[in-house]
Amino acid sequence: MGLLLLVLLFLLPCISGLPFYNGFYYSNNPNGWNLGNGHSEGVFNGVKLVVETPEETLFSHQGAQVTLPCHYHYEPTLPTPRTVRIKWWKLSENGAPEQDVLVAIGQRHRSFGNYRGRVRLWQNGEREVSLQIRDLRLEDSGRYRCEVIDGLEDQSGLVELELRGVVFPYQHPQGRYQLNFHEAQRACEEQDAVVASFEQLFRAWEEGLDWCNAGWLQDASVQYPITLARQPCGGLGLAPGVRSYGPRHHRLHRYDVFCFAPALRGQVYYLEHPEKLTLAEAKEACQEDGAQIAKVGQLFAAWKFRGLDRCDAGWLADGSARYPVVHPRPNCGPLEPGVRSFGFPDPQSREYGVYCYRPRYS
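Residues numbered from 1 in each chain as written. Predicted model: local features only at pLDDT ≥ 70, side-chain atom pairs only at ≥ 80, totals over all residues. Heavy atoms only, no water.

1. Quick word on the environment of Leu179
Okay, so step 1: Structurally, Leu179 can be placed in the loop between β12 (165–170) and α2 (181–190).
Okay, so step 2: Leu179 sits in the buried class, given a relative accessible area of 3%.
Okay, so step 3: Put simply, Leu179 and His253 are 74 residues apart on the chain and 7.9 Å apart in space, counted from C-alpha to C-alpha.
Okay, so step 4: Not counting residues up to four positions away in its chain, the partners in contact with Leu179 are Tyr170, His172, Ala184, Ala187, Trp216, His253, Arg254, Tyr255 and Val257. (Helix = DSSP H or I, 4+ residues; strand = E, 2+ residues; numbered from the N terminus. Buried < 20%, exposed > 50% of the residue type's maximum accessible area, 1.4 Å probe, protein only. Contact = heavy atoms within 4.5 Å.)

2. Some points on the packing of aromatic side chains
Okay, so step 1: Overall, the coordinates contain 15 aromatic pairs when judged by the stated rule.
Okay, so step 2: Aromatic pair Tyr270 and Tyr355: ring centres 5.2 Å apart, planes at 65°, arrangement edge-to-face. Here Tyr355 lies in strand β23 (residues 353–358) and Tyr270 lies in strand β18 (residues 267–270), a separation of 85 residues in the sequence. Of the two residues, Tyr270 and Tyr355, both sit in the buried class.
Okay, so step 3: Ring centres of Phe300 and Trp303 lie 6.3 Å apart, and the angle between their planes is 90°; on these two criteria the pair is classed as edge-to-face. Here the residue Phe300 and the residue Trp303 both occupy positions in helix α5 (residues 296–305), the gap between them amounting to three residues, near one helical turn. Here the two residues Phe300 and Trp303 agree in accessibility, since each one is buried.
Okay, so step 4: The rings of Tyr177, Phe181, Trp216, Tyr224, Tyr245 and Tyr255 are connected pair by pair, giving a single aromatic cluster. (Phe/Tyr/Trp six-rings, centres within 6.5 Å; stacked < 30°, edge-to-face > 60°.)

3. A look at the pairing of β12
Okay, so step 1: Here β12 lies mainly inside the structure; six of its six residues are buried.
Okay, so step 2: Where burial is concerned, the two faces of β12 agree: the one with Gly165, Val167 and Pro169 and the one with Val166, Phe168 and Tyr170 are both buried.
Okay, so step 3: Here six bridges tie β12 to strand β17 (residues 256–262), and the two strands are oriented antiparallel to one another. Directly across from Phe168, in β17, lies its bridge partner Cys259. (Pairing = 2+ DSSP bridges.)

4. Remarks on the state of the cysteines
Okay, so step 1: Tallied over the full model, the rule gives five disulfides.
Okay, so step 2: Between Cys212 and Cys233 runs a disulfide, and the two sulfur atoms are separated by 1.8 Å. Its torsion about the S-S bond being -130°, the disulfide of Cys212 and Cys233 is classed as left-handed. Here Cys212, found in the loop between α3 (198–206) and β14 (215–216), pairs with Cys233, found in the loop between β15 (221–226) and β16 (241–247); they are 21 residues apart in sequence, far enough to count as distant.
Okay, so step 3: Accessibility expressed as a relative area gives 23% for Cys212, which makes it partly exposed.
Okay, so step 4: Residue classification places Cys233 among the buried positions, given a relative accessible area of 3%.
Okay, so step 5: Paired through a disulfide, Cys286 and Cys356 show a sulfur-sulfur distance of 2.0 Å. For the disulfide bridge between Cys286 and Cys356, the dihedral angle about the S-S bond is near -85°, and by the sign convention the bridge is left-handed. With Cys286 in helix α4 (residues 279–288) and Cys356 in strand β23, this pair connects stretches of sequence that are 70 residues apart.
Okay, so step 6: Among the residues examined, Cys356 registers a relative accessible area of 0% and is labelled buried.
Okay, so step 7: Among the cysteines of the chain that take part in disulfides, numbered as they appear in the sequence, the pairing is 1-2, 3-6, 4-5, 7-10, 8-9. (Disulfide = S-S within 2.5 Å.)

5. Considerations on the nonpolar core
Okay, so step 1: Membership of the largest hydrophobic core comes to 95 residues, with the highest contact counts inside it found for Leu68 and Trp88.
Okay, so step 2: Per element, the largest residue contribution to this core is six residues, and it comes from α5. (Core = buried A, V, L, I, M, F, W, Y, C linked by side-chain atoms within 4.5 Å.)

Have a look at this one:
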């Protein structure tokens with residue numbers, strides 16, 4: 001009986017129709033190396049599938065086109081091309097669900113959800129399976145996984161995409177701590193922005209953002225960045241950093257919000273006008289100039305990325321009056337660069353000019 005079992009085990013790999021397994025699965029099909037006898041050869045023994053993606057974060061801007069690099073190869077190199085399955089998806093982050101982006105087998109591709117019609121597999125080089133995304137949106141920022149599947153073997157790599165933008169604190173017109181989480185989301189959207197993530201706030205803190213009012217973040221936590229410890233902002237005994245209140249109730253708790261505005265595609269400018277304007281007159285003046293009154297996020301982005309520097313306060317779309325300073329100087333506010341705010345003046349006041357925004361469509 002023992003001798004018969006040994007004979008059967010010896011003959012098993014030679015039985016037609018059974019898969020060949022050696023730690024790397026290849027079935028007997030045209031995708032494998034086939035020598036004409038219906039068998040996959042054991043030369044795959046020890047072959048390793050390797051997927052390569054960049055370690056550094058990729059940066060781009062809203063409306064742009066970007067390619068997320070992904071390449072694969074075999075070790076040792078295989079002399080014959082093989083058909084593989086490619087899958088790209090966006091990882092779950094800040095409470096958002098995981099999203100399928102694209103799958104491909106050979107020449108057949110399929111994209112999903114908000115990515116449909118905006119993505120394609122970029123195969124400019126041998127064994128390149130990069131993902132190209134056009135018309136980038138704010139919600140495209142995040143971590144993507146590139147998976148290469150060969151039979152039962154699969155390997156993957158991560159690509160992190162971040163849209164260039166600026167984090168800014170935002171308050172309700174009625175004052176401090178008036179927004180629940182859902183209202184905070186709408187407030188940022190109305191200013192051409194989204195609620196900032198912790199990573200975005202942390203990077204802004206590293207760049208010098210110091211703000212003593214706590215605000216909502218994308219994961220529904222409430223935090224605030226402090227670069228200079230002081231008594232009203234957590235006390236002198238705490239080191240500088242991003243202070244956290246932890247997760248808060250979406251509807252019951254009320255705070256300010258930290259918004260994230262993308263780099264601009266259009267132009268923000270101070271409208272030269274012979275007179276100061278009311279809020280209604282300011283909106284009309286921008287329209288007559290072929291533009292629209294600027295939003296808060298657009299003004300911050302113009303200050304951050306276009307170097308907009310103006311010592312004249314102007315109306316914005318939300319009814320606030322602000323002005324951007326890149327180079328601090330006498331009679332132009334504090335000694336640090338930033339966007340100064342006069343709050344939300346009486347809409348009938350004629351003490352301000354206006355900042356307009358002209359989109360660029362090409």
